[in-house]
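What the coordinates show
One letter stands for each residue in the lines below.
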Amino acid sequence: MDQTPDQTPAQRRARSPHGSPSLSQFQSHHASHDREIESLDEFDRVVSSPGSLAHHRVQAVDLTDRTDALLAADPTGAVFLGCPMEPGAAAGVRAAGALVFPPIPGLPFDPYRGRVYSPDELYARLGEGYEATPDALAYDWFQQTRADGDVFASMLRAIHDDAVSDALDELVVGSRVVGVMGGHAMARGTAEYAGAARLGRELTRAGLTVATGGGPGAMEAANLGAYAAPFDDRMLDEALMLLAKVPSFAPSIADWARSAFEVRERWPGGGASIGIPTWFYGHEPPNAFAAHIAKYFANATREDGLLARSTAGVVFLPGAAGTLQEIFDNATPNYYESRGEPTPMVLVDRRHWTETLPAWPLLRSLAKGRTMESRIALVDRIDEAPEALKRVGG
C-alpha cells in the first residue's frame, strides 16, 4: 500500500486487499474480558505499554482528550463502542482497522455501558422529583418506543441489555450467588418485610451474595438485609422503623426512594448485593439498597439471567404471578439439568404455596424420581430458609 507523508502511524496499519477491514480482523480468538477497556485509567494503562489496542473492546470511555494516544497505538481489530472522540481520531482509527460505533445522541441511557448501574446513578436528580431521574426518563423512552416497530430502537434496547449482561457476568465471577424472589406488594412495616430483611442479612453474613429482582417489597427487604449485614441488630431495627413511615412506593416513588437514601446516609458503608429489575414493569422502581443494579428492558432476559446466576440456590418468598413464573423458570433447567447439577429451591410459606397458589404440589410431582427431588424444600417460616438452603444444597 502507498504511504503518504501525512499519514499517522495508526493509518499505516495493515488492511484488507480492498482497503477495508475484513470481518475476521474483529473475530480474534484472543477476545476476552481481559481485553475489555471500560474506564479511562484502563485505557491509559493499555496504551502506555506496550501501546497496542489491537483486538480490544473499548466501552463508553470518553476519549476526546486522547487523540494522540489513539493515533499512535495499533488499533487493528479493535472495536470502540460509544466512545466520544475527536473526528480526526475516529477517522484515523477507523482507517487503520478499527470498528467505531459512535455515541447515540439524545438517549436517556448509554446502550454501550461497561458497568452495571448504581442506585445513585439511577436516582440522580431525585430532588427534582422521580420523573427527573435517569430511571424514569429511560422508562419514558421505553414506553414511547416499545410498540412503534422501529428496528433502531429495538436494536438499542438489545445492545443495552447485552452490555448489562456482560457487566453482570464480570461482577459475579467467583461469587456464590443466592437468589431471593418475592412480590412487590410486601409492605414496609410488616412482619413479613422484617423477616425478609433478616433473611438477606443472614445469607450475606454466611458469605453469599444476595440477588433479587431489584424492586420494592420482598426484593427491597432482602437487599436491605444484605446492606445491614456489617452492622449490629439495632441498626436494622431502626432502619425498619424509619422505612415504615413510607410503607409503599405508591403514591410517591420519590418519597419511597428518599427514605431509603436516608437510611443509607445514616449508616454508610453497608453490605453489597445485587438487584436485577426491569423497565418492562414500570410500576416497579428499583430499590436503593442493592449496591449493583443490572436493569434491563427485556423482562425475559432479566428473569433468565437472574435465575441462571443464582448458582447457590433460590429462596422463593410469597408472591403472585411474577414469583410463580420464576419458580418454574428455575425448575425447568433443574429438571433437564441443562445448566448442570440442579440448584437448591426453597419455597417459604406452606399455606401460600400449597393453598393460595399451589405451586409446591406441582413442583414436587415434577421433581419426583429426578436429581432435583433432593434439591427442593418447603418451609413455613422465613427464618427456616437458610437452614433448608444448606440442607438441600447437595
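All figures in this text were calculated on a predicted structure; none of them were measured in a lab. (Residues numbered from 1 in each chain as written. Predicted model: local features only at pLDDT ≥ 70, side-chain atom pairs only at ≥ 80, totals over all residues. Heavy atoms only, no water.)

1. Topic: the confidence of the model for the protein
Basically, it comes down to this: Scored between 0 and 100, pLDDT is the confidence that the predictor attaches to each residue. A contact between two residues is defined here by any heavy atoms of the two lying within 4.5 Å.
Taken over all residues, the pLDDT of the protein has a mean of 92, while the share at 70 or more is 91%. Scored below 50 in pLDDT, residues 1-5 shows three contacts in the model against residues more than four places distant or in partner chains. Every residue in residues 9-18 is under pLDDT 50, and counting partners more than four places away or in other chains gives 31 contacts.

2. Details of helix 3 (residues 87-95)
Let me state the cut-off plainly: Only protein chains enter the calculation, and the probe is 1.4 Å; a residue is then buried if its accessible area is under 20% of its type maximum, exposed if over 50%, and partly exposed in between. Counting from the N terminus, the helices are DSSP H or I runs at least four residues long and the strands are E runs at least two residues long. Working note: the arc is built from the helix axis to C-beta atom directions.
Buried within helix 3 are the following residues: Ala89, Ala90, Gly92 and Val93. Along the axis of helix 3, the buried residues cluster in a sector spanning 165 degrees; they form a single face. Where helix 3 is buried, its residues contact helix 2 (67-72), strand 3 (79-81) and strand 4 (99-101). In the stretch just after helix 3, glycine 97 is the one whose phi turns positive, near 115 degrees.

3. Examining the sheet that holds strand 6 (residues 209-212)
What counts, and what does not: Note on pairing: two strands pair once DSSP finds at least 2 bridges between them.
Strand order across the open sheet formed by seven strands is 8-7-6-5-9-10-11, with parallel pairing between neighbours. Since the sheet does not close on itself, it has two edges, and those belong to strand 8 (292-293) and strand 11 (376-379), each with one partner. Bridge analysis of strand 5 (residues 177-181) against strand 9 (residues 314-316) gives three bridges, and the strand direction is parallel. In the strand pairing of strand 9, valine 180 is matched with valine 315.

4. Observations regarding helix 12 (residues 321-336)
Rule in force here: In this analysis, the expected span of each helix is defined as 1.5 Å times one less than the number of residues it contains.
With 16 residues, helix 12 extends 23 Å from end C-alpha to end C-alpha; this agrees with the ideal 22 Å at 1.5 Å per step. The first or second residue beyond helix 12 is glutamate 337, which carries a positive phi of 55 degrees.

5. Here we look at the nonpolar core
The condition is simple: Working definition of a nonpolar core: buried Ala, Val, Leu, Ile, Met, Phe, Trp, Tyr and Cys residues. They are joined through side-chain atoms within 4.5 Å.
Ranked by size, the top nonpolar core spans 52 residues in total, and within it Leu317 and Val346 carry the most contacts. Valine 346 has contacts with Val314, Val315, Phe316, Ala377, Val379, Ala385, Ala388, Leu389 and Val392, leaving out every residue within four places of it along the chain. If you look at the next biggest cluster of nonpolar residues, it comprises 41 residues, including Ala153, Leu168, Met181 and Ala359.

6. Examining the sheet that holds strand 1 (residues 36-37)
The four strands lie next to each other as 1-2-3-4, forming an open sheet whose pairing is parallel. Since the sheet does not close on itself, it has two edges, and those belong to strand 1 and strand 4, each with one partner. Where strand 2 (residues 57-59) meets strand 3, three bridges bridge the pair, whose relative direction is parallel. Considered in strand 3, the bridge of glutamine 59 is made with leucine 81.

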